[in-house]
Amino acid sequence: MYQQKKVMVIDDSKLIRLTVRKILEEQAVTVIELDQVEPLLQEPWRARDVDLLILDLNLSGLDGISAMQRMQCNDALRRLPIMILTATSDRQTVCKALACGAVEFMTKPVIRDELLRRVENVIGPLDDGIGDQLKNEISRAKRGNTALSLIKITLDKSLPSQIVRDTQLKLQATLRSIDSVLVSREMAIIVILPVTGREGALVVSNTITEAITDRKNVAIDFSLAQAVYPDDGKNAEELLKSLKEK
């Protein structure tokens, strides 16, 4: 069973924290935010169950290097994996941070793919939560002897993540309350439709097309693929694979 990851972000820039939060929450990661490191040093329990600390080096209070030096003297914090954020990647700064306990670093600005890659270097593969949710819906379909459909919306990869998120929210508001609209690891949108067969999925596909193309001043290139339980797959892995092959 997949266990949700937890990451703490300490940066005095609200924009940086928001950017990191949005990227990681898309991958079902719980994100804790602090704008200074002092609260963590004063209350080490804040790091309980945290898998990774993303730490800005140039904080307005205690700087990141000094904070890491103090963490090395704290039994509750010394084993906490740390990824530093820095505006510069000069060798001296990086070497000093690594000597103080950092295990990974990233230069600003925060870029989605690079952030995910470096986070996964430390805590392992992330999960968008779709597999677990789909397994739950399949279990319900089995108990009720009902159909279940998936629709994959593959969007233009050049689209900003905010457009993808706005599209997700619009579709969630358009479809039924029992339907789930999720963003995958690859930034595709997966729609889970309980109690819906192939014909019903076709109707929903038309609704989705209308909702996406009805955006003012934003032209979005996209394609749709469908998979139906149990015809196209009897478990989550088979259904998701069927979507990829279409």
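An account of the accompanying structure is given in this report. (Residues numbered from 1 in each chain as written. Predicted model: local features only at pLDDT ≥ 70, side-chain atom pairs only at ≥ 80, totals over all residues. Heavy atoms only, no water.)

Take the sheet that holds strand E9 (residues 222-229) next. Sheet strands pair by backbone hydrogen bonding; their relative direction is either parallel or antiparallel. The strand order across the open sheet built from 4 strands is E7-E8-E6-E9, with neighbouring strands paired in antiparallel fashion. If you trace the sheet from one side to the other, it starts and ends with strand E7 (180-183) and E9, each paired once. If you compare each strand with its neighbour and ignore which way they point, the axes differ by 20° on average. Relative to the sheet, helix H7 (residues 161-174) contacts strand E6 (148-155), E7 and strand E8 (189-194), its axis offset from that of E7 by approximately 175°. (Pairing = 2+ DSSP bridges. Helix = DSSP H or I, 4+ residues; strand = E, 2+ residues; numbered from the N terminus. Axes fitted to C-alpha atoms, helices over the stretch in contact; angles between N-to-C directions. Contact = heavy atoms within 4.5 Å.)

The subject of this paragraph is the layout of surface pockets. In this model, the largest pocket occupies a volume close to 560 Å³. Lining of the largest pocket is provided by 24 residues; of these, Glu-26, Arg-112, Pro-160, Ser-161 and Met-187 occupy positions nearest its centre. Of all elements in the fold, only helix H1 (14-25), helix H5 (112-123), E6 and H7 reach the threshold of two or more residues within the lining of the largest pocket. Split by residue class, the lining of the largest pocket holds 9 nonpolar, 4 polar and 11 charged. Every element with two or more residues in the lining of the second largest pocket is listed here: helix H6 (130-144) and helix H9 (236-245). The element best represented in the lining of the second largest pocket is H9, accounting for 6 residues. (1 Å grid on protein atoms, 1.4 Å probe; cavity = no way out; pocket = protein on both sides within 12 Å on 5 of 7 lines; lining within 4 Å. Points joined across faces, edges and corners; volume = space filled by probe spheres on them. Nonpolar A, V, L, I, M, F, W, Y, C, P; charged D, E, K, R; others polar.)

What follows is about H6. When the terminal C-alpha atoms of H6 are compared, their 21 Å separation across 15 residues agrees well with the 21 Å that a helix rising 1.5 Å per residue should span. Looking at H6, one finds that the buried residues are Ile-130, Leu-134, Glu-137, Ile-138 and Ala-141. The buried side chains of H6 occupy one side of the element, clustering within an arc of 105° when seen end-on. Those residues of H6 that are exposed and angled more than 90 degrees off the buried face are Lys-142 and Arg-143. In this structure, the buried residues of H6 make contact with E6, E7, E8, E9 and H9. (Expected span 1.5 Å × (residues − 1). Buried < 20%, exposed > 50% of the residue type's maximum accessible area, 1.4 Å probe, protein only. Arc of directions from axis to C-beta.)

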